[in-house]
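Secondary and tertiary structure notes
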Amino acid sequence: MSRYAKITENLDWGILLTVVFLICIGLLCVFSSTSGTGSGIFIRQLLWICIGTMFMVVAFAVDYRNLMYSAWPLYAAVVIALVLVFVIGREISGARRWIGLGPLRMQPSELAKVFVIIWVAYWAEKKKHILVHGMRELVFPAAVIMVPVALILLQPDLGTAGIVSFIAATMFLMLGIRRSTLLTLGGTSIAGLPFLWFSLKDYQRLRILTFLDPSRDPLGSGYHAIQSKIAVGSGGLIGKGFLHGTQTQLRFLPEHHTDFIFSVVAEEWGFLGSGLLLFLYLMLITKIITVGLKAKDRFGALLCFGIAAYFTLHVFINISMAIGIFPVVGVPLPFVSYGGSFMLINLVCVGIVLNVAWRRFIF
Amino acid sequence: MKANITNPLVDEDLRKKTKYLFALVFVLLGILALRLFTMQIIHGAFYEELSRNNRIRIVSTPPPRGKIMDRNGVVLADNRPAFNVMVLPEDISSPSDTATRLSPLLDKPAAEIEKAILKGKGKPYDPLVVARDITFEQVAKVEMEIFNLPGVSIETIPEREYLFGDLSCHVLGFIGEVSKRRLEQDEEGIYAPGDMVGKAGIELVREDTLRGVKGKRVFEVDALGRRVRVLDERDAVEGRDVMLTLDQGLQTIALQALGQRAGAVVAMRPDTGEILAMESTPGFDPALFAGILTTEQWKGIMDDPMHPLENRAMRGAYPPGSVFKIVVALAGFHAGVLDPDAAVYCPGRFYLGRVSYGCWKPEGHGNVALVEAITKSCDVYFYTLGRTLGIDAMADMGFRLGLGRRTGIILKDESPGLMPTRKWKRERFKQPWHPGEHVIAAIGQGYTLVTPLQVAKAMSAVVNGGRVYTPRIIATEKSVLERDLNIPQRQIEIIKEGLKGVVEDPHGTAHSIWDRGISMGGKTGTAQVARGIVSKRPDESDIPFRLRDHAWFFGFSPVEKPEIVVVALLEHGGHGGAVCGPIVRDVIKGYYLLKETPREPLRQDH
């Protein structure tokens, strides 16, 4: 049996097909939400999918265990990029998040999510003798993760900082944390919430307040929430049809090709469409966890769990925001939202998971 | 294939915990599914009702641009209200009916209006303009009938108005519809398609100041699409004003002095770099660009052989001619090779090996020292000095004074001109510098190219004792002293004496413009366009126009403590003193006249 045949035989086709399906839905929605504007957004999205696919192939081809050796360098690179954001970053509406690379723009905080997954998985593999983490074992890794999280908080980008911490926390919970430690940490976090509230910027506080009461500022940040809910709800069972969503086509809802793309799906395809989308995500994420379950080492398993948590969080926060059960934070929908670097990172994650799945057959 | 268990104890533990992870995913996605089910299936009808009744239209209102004023507060660019007739195609049940009703009110054929309405078929929710900038009487007529015209409305928008037509048009620039590229780069979401933005001149470089903030009006509309009430209104914030260093009066005088000829005038305050006047002819009416330009109008402007859009004062680069002799004299002083009292004999020709170079006066000037050489613009004197100095020493002084490079004025598309050096020629043509080229460079011919603005900057520095200022056009900005050449007072005195003689000495090359009442110095310049053509008439009327020489004159006043430097250039104008001298004199005269006339402060305070 040739090596090539082995690749196709042992490849996790289920994951790959689910992703292709999701991307197709995304393309339809990006097309629908930008049709008639004459912008090149659809074409650019196609281009990024091609670039992302190439990166995915690379992420699949190189043995994932090599990532272990690059955990620290990657971590260092991300921290440097996050510091650079303050030095040469571009300020867009009050927050510094982007670095310009010639014509391209990069958001280092996006990369931080993936690199923190890699670092935690590496740490778990290195310390595989630790069965249950107590306070003493957690101090060092927590400090390592706090550095990028703090830098992201300073940008300020509350949403991303929360996601990074949540992913890392999930991974450590999977590894096992002593019950007493868990209680102490949970208690401290809840006690810390009021302090967090006062350290927020005005616009962030406004977003949370308008989430609690959208009519507070119907034309400002509450506007998104109201219009998005109307779009989703009015989709009904079968939707208004492709290119016929009145909310989105009539531009009542801004940013509908990026953060609010879910409302396009829900409005034009109804509950059937949004349900299918949720089902696809469920398939994808459970398959990723299954790959982790069968991985041949702790490193691979943790990579998969981290990536599963990453996708779950994005899907949950993004859709919650569109249906009005979460404040408006700028979190895109994996494989569906318009956005080049985000698509690229998503595909690289898929490449890593396929890599872990495939290499469990190789010794 | 067998399972690979490296650490069964740990892995078992980890595997047991995945059930929590599965549970988390199911719970989170389950919440979403439940919520979607209630929203879309159970409350679907409710939201659909909301969406159908979602007859909220958000219309942004363009902010009035800031005014552009001259140094005395005279408004050069302002806004006037313009009325457009708009239709919302969705609300028009019969385009032909609406068109027939509108036609008599707007004095426009019904077919034309119908065609405009039908254009919006694909996008029924975007309001369309069917008649632009209608008169006030027409507005009244339409308003009277507005209730019989569902879907029709009148929109008032600020339209840019340039109060003095083509005066200062190159400095002010113009506005136009925002380009696709600009929209793509617009990360902050300031612009929408169709917005007007600065495209040239001050309108472009001070876009951020002038722009203002868009207003927003939220309407509720009824089933017919009529605006029932305003739900929310945020007023547009007018852009901030920009005050220029220009003097509108002096601009008018400069423009009149240039007349129908192609050329440029720059007037500058030598002690600050403030530009008092900058005119370039022919000009254009900037208001044309703010409206809808027809293809013919656009082609007419673009194909005009006189290039009216070009600001010759900073975009046009010409050989400096004899004006450059001042630079050569300073280079001579700087190199320590120039004794102002030593005379050079001018027989009317200068010999370099077997080649000879003529003085403009074939019979020769006889024995001339520096002052006389400047006054009479003796070529042989400067040929001699140029050969001694060489091109690099002359270019070095040119660079120090700001020639051959952009002056640093904030306006866009400035030409750098060209200050040749040996190195430049080697790199550009792969050829060495020829001895004869030193000689012709010394009288401002050859490769050297300068803009009128560069000459104004350089000559301001010469007459103020060596302080090189960046030309400045915004009144509220500070003067920038680029460098101080610290030219010894004695050298400045000698050069000024020569420059004064140009006008006041009966043998001066511009004595014809002398006005007894004004203390003034200057220098003529005639830049050859075609070599070897010698005119037999003073106005060169026997030579084809495009081969005629460019004419320069630079003047300053008063000689003792200069307050103003004026540079005039006429393309293919002939001899500098004869044609450009009067322009400069008129501008300087105008400057004193305006200074003595007390003017009402026109600054408008809101």
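As the structure is a computational prediction, the values presented were derived from the model and not from experiment.

Okay, the overall build of chain A next. Within chain A, the regular secondary structure consists of 15 helices and three strands. For chain A, the exposed surface amounts to about 14,900 Å²; the carbon and sulfur share of it is 72%.

Let's shift gears to the overall build of chain B. Across its full length, chain B holds 22 helices and 21 strands. For chain B, the proportion of its 606 residues judged to be buried stands at 51%. In chain B, once contacts between residues fewer than 6 apart in sequence are set aside, the share between residues at least 24 apart is 71%. Approximately 28,700 Å² of chain B is accessible, and the part contributed by carbon and sulfur atoms is 53%.

All right, on to the packing of helix α6 (residues 108-126) of chain A against helix α14 (residues 298-322) of chain A then. Residue and element names in this part refer to chain A. Where α6 contacts α14, the axes come no closer than 8 Å and their chain directions differ by 150°. Here α6 is positioned roughly antiparallel relative to α14, judged by the angle of their axes. Here the hand of the crossing between α6 and α14 comes out right-handed. For the pair α6 and α14, the contacting residues are Glu110, Lys113, Ile117, Ile118, Ala121, Tyr122, Ala124 and Glu125 in the first and Arg298, Phe299, Leu302, Leu303, Gly306, Ile307, Tyr310 and His314 in the second. Of the residues contributing to the contact of α6 with α14, the split by class is ten nonpolar, two polar and four charged.

Another aspect to go through is empty space enclosed by the protein. Residue and element names in this part refer to chain B. One pass over the full model with this rule turns up four cavities of 30 Å³ or more. Within this model, the largest cavity holds a volume of roughly 40 Å³. Pro320, Val323, Phe324, Val327, Leu403, Val450, Val455 and Met459 together form the lining of the largest cavity. Along the lines of polarity and charge, the residues of the lining of the largest cavity split into eight nonpolar, no polar and no charged.

Turning next to the packing of aromatic side chains. Residues and elements named next belong to chain A. For the structure on display, the rule yields 29 aromatic pairs over all chains. With 6.5 Å between their ring centres and 55° between their planes, Trp119 and Tyr122 make a pair best called tilted. In this pair, Trp119 and Tyr122 are both assigned in helix α6, three residues apart and thus about one turn of the helix distant. Looking at Trp119, the relative accessible area reads 1%, which means it is buried.

The next thing to look at is the sheet that holds strand β20 (residues 550-557) of chain B. Residue and element names in this part refer to chain B. The five strands lie next to each other as β12-β11-β21-β20-β19, forming an open sheet whose pairing is antiparallel. Every interior strand has two partners, whereas the edge strands, β12 (275-281) and β19 (521-527), have only one. Taking each pair of neighbouring strands and ignoring which way they run, the sheet shows an average axis angle of 5°. Of the pairings in the sheet, the one linking β19 to β20 comprises seven bridges and is antiparallel in character. In the strand pairing of β20, Thr526 is matched with Ala551. Taken strand by strand, helix α10 (residues 248-258) contacts β11 (263-268), β12 and β21 (564-570), and its axis lies near 30° from that of β12.

Below, the discussion takes up the side chain of B:Thr18. Note on placement: B:Thr18 falls in helix α1 (residues 8-42). Relative accessible area serves as the criterion here: at 3%, B:Thr18 is assigned to the buried category. Within the structure, B:Thr18 has its side chain in polar contact with the backbone oxygen of B:Arg15 (distance 2.6 Å). Apart from the residues within four sequence positions on either side, B:Thr18 is in contact with A:Met174, A:Ile289, A:Leu293 and A:Phe305.

Moving on, we come to the nonpolar core. Within the largest apolar cluster, 123 residues are counted, with the highest numbers of intra-cluster contacts made by B:Ile202, B:Leu244, B:Met278, B:Phe382 and B:Met459. Looking at which domains feed residues into this core, each of domain 1 (57-79 + 158-243) and domain 2 (248-284 + 311-596) of chain B supplies at least three. Filtering out sequence-adjacent residues up to four positions away, B:Met459 remains in contact with B:Val323, B:Ile326, B:Val327, B:Phe554 and B:Val565. If you look at the next biggest cluster of nonpolar residues, it comprises 119 residues, including A:Trp48, A:Tyr122, A:Leu282 and A:Ala295.

On a regular strand, each side chain points to the face opposite its neighbour's, so the side chains alternate between the two faces of the sheet. Residues and elements named next belong to chain B. Note that strand β14 (residues 349-352) and strand β15 (residues 355-358) share four bridges and pair antiparallel. Of the residues in β15, the one forming a bridge with Leu352 is Val355. Hairpin connection of β14 to β15: two residues between the antiparallel strands, including Gly353 at a positive phi of 60°.

Bringing unusual backbone geometry into the picture now. Residue and element names in this part refer to chain B. Of note, the amide linkage connecting Thr281 to Pro282 takes the cis form, showing an omega dihedral of -5°. Relative to the helices and strands, Pro282 is located in the loop between β12 and α11 (287-290). Cis geometry marks the peptide bond from Ser557 to Pro558, where omega comes out at -15°. Take Pro558: it is sitting in the loop between β20 and β21. With a phi angle near 50°, Asp133 is a residue other than glycine that sits in the positive phi range. Along the polypeptide, Asp133 turns up in strand β4 (residues 128-134).

With that out of the way, let us pick up the environment of B:Gly465. Residue and element names in this part refer to chain B. Along the polypeptide, Gly465 turns up in the loop between α20 (452-463) and β17 (467-469). Separated by 194 residues in the primary sequence, Gly465 and Asp271 have C-alpha atoms spaced 9.6 Å apart. Once residues lying within four places of it in the same chain are set aside, the contact partners of Gly465 are Asp484, Asn486, Ile487 and Ile492.

Take the pattern of salt bridges next. What the rule picks out here adds up to 27 salt bridges over all chains. In this structure, the salt-bridge partner of A:Lys113 is A:Glu110, at a minimum N-O distance of 3.0 Å. Here the residue A:Lys113 and the residue A:Glu110 both occupy positions in helix α6, the gap between them amounting to three residues, near one helical turn. Two residues, B:Glu112 and B:Lys108, come together in a salt bridge whose shortest N-O distance is 3.9 Å. On the basis of relative accessibility, which here comes to 43%, the residue B:Glu112 falls in the partly exposed class.

Residue and element names in this part refer to chain B. Here Thr524 lies in strand β19. Engagement of the side chain of Thr524 in a polar contact is seen with the side chain of Thr509, the distance being 3.1 Å. A polar side-chain atom of Thr524 sits 3.4 Å from a polar atom in the side chain of Lys523. If near-sequence neighbours (up to four positions away) are discounted, Thr524 is found in contact with Ser322, Val323, Val502, Thr509, Ala510, Trp552, Phe553, Gly576 and Gly577.

Further remarks concern the environment of A:Val328. When you line up the elements, A:Val328 lands in the loop between α14 and α15 (340-359). Separated by 68 residues in the primary sequence, A:Val328 and A:Phe260 place their C-alpha atoms 9.7 Å from one another.

Our focus in this paragraph is the confidence of the model for chain B. The predicted structure's coordinates, where accompanied by low pLDDT, should not be read in detail. Residues and elements named next belong to chain B. Confidence in the prediction for chain B averages 86 pLDDT; 89% of positions are at 70 or higher. In the model, residues 1-7 has pLDDT below 50 throughout and makes seven contacts with residues more than four positions away in sequence or in other chains. Confidence over residues 601-606 falls short of pLDDT 50; this stretch has ten contacts with residues more than four positions distant or in other chains.

Residue and element names in this part refer to chain A. A cluster of nonpolar side chains, Ile80, Val83, Leu84, Phe86, Val87, Ile88 and Leu154, forms an exposed patch at the surface whose accessible area comes to about 640 Å². No other element matches helix α5 (residues 71-88), which puts six residues into the nonpolar patch. Within the secondary structure layout, Val87 lies in helix α5. Classification of Val87 by relative accessible area gives exposed; the value is 60%.

The subject of this paragraph is helix α21 (residues 489-504) of chain B. Residue and element names in this part refer to chain B. The terminal C-alpha atoms of α21 lie 22 Å apart, and with 16 residues this matches the ideal 22 Å at 1.5 Å per residue to within 8%. Those residues of α21 not exposed but buried are Gln491, Ile492, Ile494, Ile495, Lys496, Gly498, Leu499, Gly501, Val502 and Val503. Check the buried side of α21 and you find it contacts α14 (325-335), α15 (370-376), α20, β19 and β20.

Right, let's get into the state of the cysteines. All names here are of chain B. Applying the stated criterion to the full structure yields zero disulfides over all chains. Lacking any disulfide linkage, Cys378 is separated from the closest cysteine sulfur, that of Cys346, by 3.7 Å. Residue classification places Cys378 among the buried residues on the basis of a relative accessible area of 0%.

Scoring rules and cut-offs
Numbering of residues starts from 1 in every chain and runs along the sequence as written. Chain labels run from A onward and ligand labels from 1 onward, assigned in the order the entries are written. Confidence filtering applies because this is a predicted model: local features only for residues at pLDDT of at least 70, side-chain atom pairs given and counted only at 80 or more, and all residues used for totals across whole chains, interfaces and linings. The side-chain values count all of the structure's non-hydrogen atoms but skip hydrogen atoms and water molecules. In this text, helices come from DSSP runs of H or I with a minimum length of four residues, and strands from runs of E with a minimum of two, each type numbered from the N-terminal end. Reported accessibility uses the Shrake-Rupley method at a 1.4 Å probe radius. Residues are deemed covered only where the shown protein chains occlude them. The buried label goes to any residue with under 20% of its type's maximum accessible area, the exposed label to any with over 50%, and the partly exposed label to all in between, with areas taken from a 1.4 Å probe on protein chains only. We call two residues in contact when some of their heavy atoms are within 4.5 Å. Comment: axis = line fitted to C-alpha atoms, over the contacting stretch for helices; angle = value between 0 and 180 degrees taken between N-to-C directions. Roughly parallel covers angles under 35 degrees, roughly antiparallel covers those over 145, roughly perpendicular covers 65 to 115, and oblique covers all other angles. Crossings are sorted by hand: turned counterclockwise from the far helix by less than a right angle, the near helix makes the crossing left-handed, and turned clockwise it makes it right-handed. Each residue receives one of three labels: charged for Asp, Glu, Lys and Arg, nonpolar for Ala, Val, Leu, Ile, Met, Phe, Trp, Tyr, Cys and Pro, and polar for the others, Gly being one of them. Grid spacing is 1 Å over the protein atoms alone, the probe is 1.4 Å, and a cavity is where that probe fits but cannot get out, while a pocket is an open set with protein on both sides within 12 Å along at least five of seven lines and lining residues have an atom within 4 Å of a point. Grid points are joined across faces, edges and corners, and a volume is the space filled by probe spheres set on the points. Each aromatic pair joins two rings of Phe, Tyr and Trp (for Trp, the six-membered one) with centres within 6.5 Å, and gets the label stacked for planes under 30 degrees apart, edge-to-face for over 60, and tilted for any other angle. Two strands pair under a simple rule: DSSP has to find at least two bridges between them. N or O atoms closer than or at 3.5 Å make up a polar contact, with two conditions inside protein: a donor-capable atom paired with an acceptor-capable one, and, for residues adjacent in sequence, both atoms drawn from side chains. Joining through side-chain atoms within 4.5 Å is the link that ties buried Ala, Val, Leu, Ile, Met, Phe, Trp, Tyr and Cys residues into a set, and such a set is a nonpolar core. As used throughout, domain bounds are those supplied by an automatic or database domain assignment. Any carboxyl oxygen of Asp or Glu that lies within 4 Å of a side-chain nitrogen of Lys or Arg is treated as forming a salt bridge with it. pLDDT is a residue-level measure of predictor confidence that goes from 0 to 100. The patch calculation keeps residues exceeding 30% relative accessible area without a salt bridge and links them within 9 Å when they carry like charges or within 5 Å when they are nonpolar (Val, Leu, Ile, Met, Phe, Trp, Tyr). Each helix should span, by expectation, one fewer than its residue count multiplied by 1.5 Å. Two cysteine sulfur atoms make up a disulfide if the distance between them is within 2.5 Å.

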